[in-house]
Amino acid sequence: LGQYRTLFKAKIPAGLRHLRLKAVRMIFALLGKVVPEFVARLARRRFLTPRRYKYTGRERELLRTGTPLRIPFRGGEMKATVWGQGPTVLLVHGWAGRGAQLGAFVQPLVEKGRRVVAIDGPAHGASPGRRTNLIEFADALIAAERAVGTLHGIVAHSFGGAATAVALDRGLNTKRVVLIASPSSLRKVLSGFAAFLGLPERVVPRLLASIQAEVGVTIDELAIARIAPQLQAEALIFHDSADREVPFEDGVAIAHAWPGARLRAVEGRGHRRILRAEEVVQEAVMFLTGVEPGQSNRDVVLLPDTLAVRSAA
């Protein structure tokens, strides 16, 4: 739930954050009993509005070494950056992220003869917009494919992994996909969001219906675990076993559902630092450049109070 906690951190002293969150929960709880439809709309607006963060010094330096690219999308454009020459690998960030967050993959892929394109999705990074949703984000990936040509591979983080699966289901083509800390079910994400805000039970179904009406499909239709069995791209999945924002069980569920997927358990990297983990970058680059990283890890064993991954015999 870290992505929701960040909604209440900006420009507020640390000692007051807890009080602000407590006040927000009280307001939602009280209004939810009186005007549940209004609260549902308010919560929907927040759920579909990503927060923008400043680029780090490392990210700004990385962007200066690339070539800016504008990708036409729905009457406007998305911002992207390109490095290198060769078969194209697309870098897809997560919710409230930006393409430069996956910068650790750029140089290793370029050195292997790949052209790397990092996009800032709708309402993220340097791209315009205030609100977005999973369907729009998936359509943005399809627009990126039209702009840059055939995609040899994709590296996607968190929400970006869900968007990638939906885009593949809607016609996006690529040979290989690396998913990092991606959620298997948006229903679980929404439930976590509702619990974090302390929404009354009567508001939650209204919130779900409101989001589904805006997106145009049911939330269960967008679950990677439902989409994955029909997908043809090869998949390599990384997930920290102690990820506090997207549980490791989600990686397990995706690996079970995606034919031939490999699941790699990562330790001590969390939800975002995993993007800079040397072992993750190295194995992902090997996978995307045609080197087999090992046997399939689809045989996942659930043990009491823990999760273990066992390579298939």
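Read on for a plain summary of the structure. Only a predicted model underlies this, so the values are computations on that prediction, with no experimental measurement involved. (Residues numbered from 1 in each chain as written. Predicted model: local features only at pLDDT ≥ 70, side-chain atom pairs only at ≥ 80, totals over all residues. Heavy atoms only, no water.)

Within the secondary structure layout, Val35 lies in the loop between helix H2 (14-34) and helix H3 (36-47). Placed 168 residues apart in sequence, Val35 and Val203 show a C-alpha to C-alpha distance of 9.1 Å. (Helix = DSSP H or I, 4+ residues; strand = E, 2+ residues; numbered from the N terminus.)

Our focus in this paragraph is the packing of aromatic side chains. To describe a pair of aromatic rings, one takes the distance between the centres and the angle between the planes. In total, this model carries 3 aromatic pairs according to the counting rule given. Each ring, one from Trp95 and one from Phe159, has its centre 5.0 Å from the other, and the planes form 70°; the classification is edge-to-face. Of this pair, Trp95 sits in the loop between strand S3 (88-92) and helix H5 (106-111) while Phe159 sits in helix H7 (residues 159-169), and the two are 64 residues apart along the sequence. With centroids separated by 5.1 Å and ring planes inclined at 80°, the aromatic side chains of Phe137 and Phe159 adopt a geometry described as edge-to-face. One end of the pair, Phe137, is in helix H6 (residues 134-148); the other, Phe159, is in helix H7, and 22 residues separate them in sequence. As far as burial versus exposure is concerned, Phe137 and Phe159 are alike and both buried. An aromatic cluster of at least three residues, connected via ring pairs, comprises Trp95, Phe137 and Phe159. Stacked on the ring of Tyr55, the Lys or Arg Arg98 has its end atom at 5.8 Å from the ring centre. The cationic tip of Arg176 hangs over the ring face of Phe287; the distance from NZ or CZ to the ring centre is 4.9 Å. (Phe/Tyr/Trp six-rings, centres within 6.5 Å; stacked < 30°, edge-to-face > 60°. Buried < 20%, exposed > 50% of the residue type's maximum accessible area, 1.4 Å probe, protein only. Lys NZ or Arg CZ within 6 Å of the ring centre and 35° of its normal.)

This part covers a nonpolar patch on the surface. A surface patch of nonpolar side chains, about 430 Å² in accessible area, is lined by Ile27, Leu31, Val34, Val35 and Phe38. Per element, the largest residue contribution to the nonpolar patch is 3 residues, and it comes from H2. Along the chain, Val34 falls in helix H2. (Patch = residues over 30% accessible without salt bridge, like charges linked within 9 Å, V, L, I, M, F, W, Y side chains within 5 Å. Areas by Shrake-Rupley, 256 points an atom, 1.4 Å probe, with all protein chains shown as cover. Salt bridge = Lys/Arg side-chain N within 4 Å of Asp/Glu carboxyl O.)

Once that is clear, we can look at the packing of H3 against helix H8 (residues 186-197). Contact geometry of H3 with H8 gives a least axis separation of 12 Å together with a crossing angle of 115°. Here H3 runs over H8; the crossing is right-handed. Residues Ala43, Arg46 and Phe47 of H3 lie in contact with H8, whose contacting residues are Val189, Leu190 and Phe193. Looking at the contact of H3 with H8, its residues break down into 5 nonpolar, no polar and 1 charged. (Axes fitted to C-alpha atoms, helices over the stretch in contact; angles between N-to-C directions. Left-handed = near helix turned anticlockwise from the far one by under 90°. Contact = heavy atoms within 4.5 Å. Nonpolar A, V, L, I, M, F, W, Y, C, P; charged D, E, K, R; others polar.)

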